[in-house]
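The chain contents come next:
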Amino acid sequence: MDFSRFLAEDFDVKEWINAAFRAGPKEAAAAGKADGHAATLVMKLQLFIQEVNHAVEETSHQALQNMPKVLRDVEALKQEASFLKEQMILVKEDIRKFEEDTSQSMRVLVEIDQVKSRMQLAAEALQEADKWTSLSADIEETFKTQDVAVISAKLTGMQNSLVMLVDTPDYSEKCVHLEALKNRLEALASPQIVAAFTSQSVDQSRVFVKVFTEIDRMPQLLAYYYKCHKAQLLAAWQELCQSDQALDRQLTGLYEALLGAWHTQIQWAAQVFRNPHEVVTVLLIQTLGDLAPSMPTCLHSGVERAGPELELSALLELYTATTHFAKGLERALLSHSHEPNLVKVTELVDAVYGPYIPYQLKYGDMETRNLLIQLSAVPLERGEVLDCVQELGHSVGKLFGLASAAVDRCVTFTNGLGACGLLAALKSLFAKYASDFTSALQAVRRKCKLDGAAPTALFQEDWAAFQSSIRIIAACGELLRRCGDFEQQLANRILSTAGKYLSDAYSPRSLPGLQDGTWTDRKASAKNPWQEHNYLQKENPAEYTSLMEILYTLKEKGPSNHALLSASRTALMRLNQQAHQLAFDAVFLCIRQQLLLVPRMESWSTAGIGETLTDDLPTFSLTPLEYISNIGQYVMSLPLHLEPFVTQEDSALELALHAGKLPFPPEQGDELPELDNMADSWLGSIARATMQTYCDVILQIPELTPHSTKQLATDIDYLTNVMDALGLQPSRPLQHIGTLLKAKPEDYRQVSKGLPRRLAATVAAMRGMDY
């Protein structure tokens, strides 16, 4: 049996009994033997209880026997602890007495040590002072040996001695004397220095580096080094300038010489100087600064020779050669596992790119001139209308070719920093193009005789002008489509190139944001001055601030939500509107020519033959006159002519048609046809123009006879029926005029109630009635 369960905290009597019965023999489960098994369990428990009681009694007896011994051990331990405490107190007291007895002696020993140290320093100072005297006396003899190493050792000793003589009265005189001796040594060694540097002798050069380092004249030694090697590079440049090569080839030759000098000198200087990269970097900086003729002079002459048409192209060729050289230097610097002197590297970057800064600051003006000159070579006007329309279509690709090339030039020449100038140049480009396009449209109007056309009784349809106008509208649609695409590409290019100058902390709403951005940009530029060359921030802070605002807007709103070319898009929308007006006028021309005849027709005021007989005839006995019949037939044929043009499978044309607005829009409350059907929109616009113009010319008729009144009402009814047949609603003014013309004189006042008073008065005057 498992009696360990009695020790568990969650012991349950019932569970234990059930478990005991389950663990017993299977026969115990029978009804007759369950009592016997229970009696057996009770007996086992009683035996177990007896064993436990016996064990408890034995354990208690042993504990009682051991208790006196434990108490004695505790008392002994307590006495030993008290004795240890007394001993510790005695030791502490002995230490305190010892400190009191020896403190004075230790203080005396410290003072003695300080005096000893001062005496040693004084002895060394006296030795150095005495050394100055002896070295000064021997220096002349040493100079006679002309041994640079020995003289240098003497001067180094005098220099060390002079440090100990700072407080002497003649200290300044000694300094002057020592400098004079150093100058003598330098003059003595200068031929040997030049020879060593010219012949690239490593051993001799190391000697001079050691000597000039000891006498604190290392800058003077480097000046000899720069002078020797700079002279060779300057001579090579002058030889290139005297050749017949183009300026870009001369620059390429110079840059090859400089890059070759870098690689050869860095290997040699690494064996001689402690900081070879800084030394060779300064050599290139000084060489670029001392070129004769200077780089700015060469650039100026090269730009002047190129002329206004090619000045930017010439600059880009030169700048490309410079950029290639700069990348070669950057790779050369990065190929060595050393920590570059960022100050000197930045100076080298400025020396390489500095001559271009004046032109980069003028990039916007130069690009504007360049684009306008190139645009002037794109003809938009031709002798024939079809040729002119064809040129307008071809000009779209040329325009955006010029704009894309300008973006490439901006990225290449200014690394995106000239974005503000680029936007101004593009604005001028699109404005000039829009002006030329407008002039071409005016020329087309003149050639198609759409302006100032005289009224004529000859009705002749000519759809050639409308066809040409539709092609111009398609060109406008292509302009709008490509302008949207180009604006998106422009935003992405600006953000991808100049976006690195924008700090995450920049905010145009506060000055601290700008300052934080500037500091972050400078910190970032310190990592790689070649990649972060920022001429604009220093030279033109105002334009730089504008650029940061543009970049911030592009970054916050996204390249797709921008207004970089909003003015240009507006100008192109105006061109589209003018093209729509041109197409509309081409369609409406013959209608207008017929309607302009109406006020001049003599039949309105002249009594015709048999008019007295027809005064009482019903209106349906009259037939429309020829002018309105021509107009009605022409309007009825419009759907057949318009449908093929405005429903072409041309995305550019569809874009332009939806972007443009037709004249004579529908009045409020009119039932409009399907707006997506451009043919219906054009038909509705022409119909409304016809009705409005008809109303205008009717009101210009000076006088109407009773017969002509009925005839005019018949003409109006005919036009109204034509509109109804086309599913168009007649205009209210035309309906009002028809109503007033049909009214009998005695009912005129009653009929005119609710109609415009001025219209009723005008019609009454035409009919010769009092109103």
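Refer to the structure presented above.
Reading the values: rules and limits
Residues numbered from 1 in each chain as written. Predicted model: local features only at pLDDT ≥ 70, side-chain atom pairs only at ≥ 80, totals over all residues. Heavy atoms only, no water. Helix = DSSP H or I, 4+ residues; strand = E, 2+ residues; numbered from the N terminus. Buried < 20%, exposed > 50% of the residue type's maximum accessible area, 1.4 Å probe, protein only. Areas by Shrake-Rupley, 256 points an atom, 1.4 Å probe, with all protein chains shown as cover. Core = buried A, V, L, I, M, F, W, Y, C linked by side-chain atoms within 4.5 Å. Contact = heavy atoms within 4.5 Å. Expected span 1.5 Å × (residues − 1). Axes fitted to C-alpha atoms, helices over the stretch in contact; angles between N-to-C directions. Parallel < 35°, antiparallel > 145°, perpendicular 65-115°, else oblique. Nonpolar A, V, L, I, M, F, W, Y, C, P; charged D, E, K, R; others polar. Phe/Tyr/Trp six-rings, centres within 6.5 Å; stacked < 30°, edge-to-face > 60°.

**Remarks on the overall build of the protein chain**
Move 1: Helix and strand counts for the protein chain stand at 27 helices and zero strands.
Move 2: Looking at the 771 residues of the protein chain, the share that counts as buried comes to 41%.
Move 3: Only carbon and sulfur atoms are counted for the fraction: they give 55% of the accessible area of the protein chain, which is about 42700 Å².

**As for the nonpolar core**
Move 1: Within the largest apolar cluster, 203 residues are counted, with the highest numbers of intra-cluster contacts made by L426 and Y694.
Move 2: The residues contacting Y694, other than those within four sequence positions of it, are L595, V598, Y627, I628, L712, D715, I716, L719 and L734.

**Some thoughts on helix α18 (residues 541-557)**
Move 1: Here α18 spans 24 Å end to end across 17 residues, near enough to the 24 Å set by a 1.5 Å rise per residue.
Move 2: Listed in full, the buried residues belonging to α18 are Y544, L547, M548, I550, L551, Y552 and L554.

**Quick notes on the packing of helix α19 (residues 566-595) against helix α22 (residues 651-659)**
Two measures define how a pair of helices packs: the angle their axes make with one another and the distance between the axes.
Move 1: Packing of α19 against α22 brings their axes to within 9 Å, and their N-to-C directions diverge by 90 degrees. Put simply, α19 runs roughly perpendicular to α22. Of α22, the residues touching α19 (which contributes M573, N576 and H580) are A656, L657 and A659.
Move 2: When grouped by side-chain class, the residues that make up the contact of α19 with α22 number four nonpolar, two polar and no charged.

**Here we look at helix α6 (residues 218-241)**
Move 1: Here α6 spans 34 Å end to end across 24 residues, near enough to the 34 Å set by a 1.5 Å rise per residue.
Move 2: When we look at burial in α6, the residues that qualify are L221, L222, Y224, Y225, Y226, C228, H229, K230, L233, L234, W237 and L240.
Move 3: Where α6 is buried, its residues contact α4 (171-199), α5 (202-214), α7 (247-272), α8 (276-289) and α9 (295-334).

**Describing the side chain of N630**
Move 1: As for its placement among the helices and strands, N630 is situated in helix α21 (residues 626-646).
Move 2: Contacts of N630, omitting those with residues within four sequence positions, involve F459 and Q594.

**Focus on the environment of G328**
Move 1: With respect to the secondary-structure elements, G328 resides in helix α9.
Move 2: Its relative accessible area of 9% is what places G328 among the buried residues.
Move 3: Counting along the chain gives 73 residues from G328 to Y255, while the straight-line C-alpha distance between them is 9.5 Å.

**As for the packing of aromatic side chains**
One pair of aromatic rings is described through two measures. These are the centre distance and the angle between the planes.
Move 1: Summed over all chains, the structure comprises 21 aromatic pairs.
Move 2: For the pair F197 and W268, a centre-to-centre distance of 6.0 Å together with 85 degrees between the ring planes defines the contact as edge-to-face. Taken together, the residues F197 in helix α4 and W268 in helix α7 connect sequence positions 71 residues apart.
Move 3: What makes F197 buried here is its relative accessible area of 1%.
Move 4: Geometrically, the ring pair formed by F197 and F273 is tilted, given 6.4 Å between the ring centres and 40 degrees between the ring planes. Residue F197 is found in helix α4, and its partner F273 is found in the loop between α7 and α8; the two are separated by 76 residues along the sequence. One exposure class covers both F197 and F273, and it is buried.

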